[in-house]
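Residue-level structure breakdown
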Amino acid sequence: MSLKSPKSTQTIDATRIKPLNDQEPNTKGDFVLYSMESSNRAEDNHALEYAVQRANDLKKRLLVLWPLFGDDFGSRRRQKHFLLQGVREVGETLKERKIKFAVQTGGQAEKTLEFAKHAALVVVDRGYLRHHTAWRDKVASEADVPVVEVESDVVVPIETASDKREHAARTIRPKITKRIGDYLVELRATPIDQDSLNLSVDSVPLDDLDAVCDSLQLRKGFGGEGEGVGPVSLFAGGADEAKRLFRVFLKDRFKYYSAHRNQPQTSDCSYMSMYLHFGMVSPVWLAMQARDAAVGGKENVDDFIEELVVRRELAINFCAFGDNYDDYDAIPDFAKKTLDEHQDDEREHVYTAQQLEDAQTHDPYWNAAMREMRYTGYMHNYMRMYWGKKVIEWTKTPQYAFKTLVHLNDKYFLDGRDPNSYTGVSWCFGTHDRGWTERDVFGKVRYMNANGLKRKCDPEVYVEKVDALVRQVGGPAADHSREEDSLFSA
Ligand SMILES: Cc1cc2nc3c(=O)[nH]c(=O)nc-3n(C[C@H](O)[C@H](O)[C@H](O)COP(=O)(O)OP(=O)(O)OC[C@H]3O[C@@H](n4cnc5c(N)ncnc54)[C@H](O)[C@@H]3O)c2cc1C
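The paragraphs below set out a description of the structure included in this document. (Residues numbered from 1 in each chain as written. Predicted model: local features only at pLDDT ≥ 70, side-chain atom pairs only at ≥ 80, totals over all residues. Heavy atoms only, no water.)

1. Notes on the site of the ligand
- Close contacts around the ligand come from 26 residues, with Tyr257, Ser270, Tyr378, Asn381 and Ser421 the closest.
- For the ligand, an oxygen atom lies 3.1 Å from a polar atom in the backbone of Met272.
- Here an oxygen atom of the ligand sits 2.7 Å away from a polar atom, N or O, in the side chain of Asn381.
- Contact with the protein chains covers 93% of the free accessible surface of the ligand, which is 830 Å².
- For the shell around the ligand, the secondary-structure elements that each account for two or more residues are helix H10 (273-277), helix H12 (298-320), helix H16 (381-394) and helix H18 (419-428). (Near = heavy atom within 4 Å. Polar contact = N/O pair within 3.5 Å; in protein donor to acceptor, adjacent residues only side chain to side chain. Areas by Shrake-Rupley, 256 points an atom, 1.4 Å probe, with all protein chains shown as cover. Helix = DSSP H or I, 4+ residues; strand = E, 2+ residues; numbered from the N terminus.)

2. Re empty space enclosed by the protein
- A full pass over the atoms with the stated rule returns two cavities of 30 Å³ or more.
- In this structure, the largest cavity spans a volume of roughly 360 Å³.
- Lining the largest cavity are 25 residues; nearest its centre among them are Glu37, Ser38, His132, His277 and Phe278.
- When contributions to the lining of the largest cavity are tallied by element, the ones reaching two or more residues are strand E4 (61-68), helix H4 (130-142), H10 and H12.
- A per-class count over the lining of the largest cavity returns eleven nonpolar, seven polar and seven charged.
- Forming the boundary of the second largest cavity are Asp44, His46, Val185, Glu186, Leu187, Ser282, Val284, Trp285 and Met288.
- At the level of elements, strand E8 (186-187) and helix H11 (283-293) are the ones that each hand at least two residues to the lining of the second largest cavity.
- Top element by residues in the lining of the second largest cavity is H11. It accounts for three residues. (1 Å grid on protein atoms, 1.4 Å probe; cavity = no way out; pocket = protein on both sides within 12 Å on 5 of 7 lines; lining within 4 Å. Points joined across faces, edges and corners; volume = space filled by probe spheres on them. Nonpolar A, V, L, I, M, F, W, Y, C, P; charged D, E, K, R; others polar.)

3. Considering the environment of Asp182
- With respect to the helices and strands, Asp182 occurs in helix H6 (residues 169-183).
- Of the residues examined, Asp182 reaches a relative accessible area of 44% and is grouped as partly exposed.
- C-alpha of Asp182 to C-alpha of Val156: the two residues are 26 residues apart in sequence and 8.4 Å apart in space. (Buried < 20%, exposed > 50% of the residue type's maximum accessible area, 1.4 Å probe, protein only.)

4. As for the pairing of strand E3 (residues 31-35)
- In terms of burial, E3 is a largely internal element, five of the five residues being buried.
- The alternating pattern of E3 places Phe31, Leu33 and Ser35 on one face and Val32 and Tyr34 on the opposite face, and all of these are buried.
- Relative to E4, E3 is paired through five bridges, and the arrangement is parallel. The residue bridging Leu33 from the neighbouring strand is Leu63, located in E4.
- Assessed by its sense of winding, the connection that carries the chain from E3 through helix H1 (residues 46-57) to E4 is right-handed.
- Bridge analysis of E3 against strand E6 (residues 119-125) gives five bridges, and the strand direction is parallel. Looking at E6, one finds that Tyr34 is bridged to Val123. (Pairing = 2+ DSSP bridges. Right-handed = clockwise from strand over helix to strand, strands pointing away.)

5. A short note on the side chain of Ser39
- Looking at the element boundaries, Ser39 is found in the loop between E3 and H1.
- On the basis of relative accessibility, which here comes to 0%, the residue Ser39 falls in the buried class.
- Ignoring sequence-local partners within four residues, the contact set of Ser39 consists of Tyr34, Asn45, Asp125, Ser152, Asp153 and Gly279. (Contact = heavy atoms within 4.5 Å.)

6. Looking at helix H2 (residues 77-96)
- For H2, spanning 20 residues, the distance from its first C-alpha to its last is 29 Å, which sits close to the expected 28 Å at 1.5 Å a residue.
- Most of H2 is tucked away: 16 of the 20 residues are buried.
- In the stretch just after H2, Lys98 is the one whose phi turns positive, near 65 degrees. (Expected span 1.5 Å × (residues − 1).)

Remember that the coordinates give geometry; whether it matters functionally is a separate question.
Structural data, given as structure tokens:
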């Protein structure tokens, strides 16, 4: 795979740009409008730079609009607070660039259409889930001006890599690696010709995010009965924080990436998933930084690019090419058939969704994973696999397991409600995988067990790590009373 590329450019590759309707620009419009949703950053953002360039071409000012509404497609206070930290920073950075940024209360489609009436042209960034495409389609069909979508949250634009839902990493990998060098290009900011800070548009102040979250009726808590899911102090949102954390990762931990990627007792991964989810950091920027860091050998770069680009863009491919990404029905036929055949197999342990959510199983490693998710908003990749697989084993039907996993994933993870979330859950049920030796409950779907964890990593140290993290964020001490087969039992 060649990761070599030109140094930097202001040109946005045509494959990132897609007109969503065929309207003509309104030359009388007051401004070019960028309705920001997925790429919440003021640097390395192709949609923003495209909007700047079109505003300059059309001799207009640029208005960046950010609609604010309570339940952003299922977000809780935890996710919203993190997102707003990043949005506040976008406003500050755009101000330095003399670009007006307006946070307005209202739905994404409604607000965008309201402002589109005064715009010469509308730019949107790209999202891949149903609710993302729905509002963009509505704006495109109802606006009287061009609506142009610019794809900035992937390295290789999704339809450039492939024109269909891919089978597995092995089928998309060669398509991505063939093109990756063309897209690893630093994007230079284009200066805006006309200062738009004097545009008279109100903006909701974001100085007090607790007050903003209260006004949106988003509840605090850790998800206990009657509680909401509140912010966690371990992670702060924003492009600056994303870049700072990533630089620390490159300096101190990247050298262990390959060796430790399946070692959840360590923290030698990037923690970039929540920043990528909210578009606070560009995957192009991350990939180039990793490539150029060149610490600890090429293996670390290759493995990191495999996750960040191949696996992540495979997950996006899965969601972009099928509306059923969060449905049990989307799992492969072989998996459906085999899980169906084993539906009535006896399960040694069966738990309700509530017992799972409360981390009340007999398995200390699984409980620790659930507690990491619930109290910190994150979970190590290796434990996410184990977490998902065990829910299949411990619930009455695979359909119930699927729904429970999607629900918990969306509720607690800062990076939840992402293409990676649905593809990750679906992977547990055989998506992008092959058949394995047949066994109870799972049939031919890949299985994981606690003994495997003990052989490959150090789950007992992982439990201690999670207990310390939960203490740090003020969560409750672990209840080890039900657990068996662990360091806690005699
Ligand atoms: C059941 C299950 C649920 C998951 N839910 C989510 C989710 O809600 N949100 C989410 O972003 N990821 C999810 N993943 C994928 C993966 O576990 C996380 O992206 C990763 O653990 C995030 O940690 P990191 O940023 O430190 O990863 P790193 O190892 O540092 O990787 C860098 C980046 O590569 C991407 N990446 C890493 N592993 C994967 C993978 N297996 N598939 C796709 N992309 C990957 C992520 O964008 C990640 O930020 C899930 C996986 C499983 C098995």
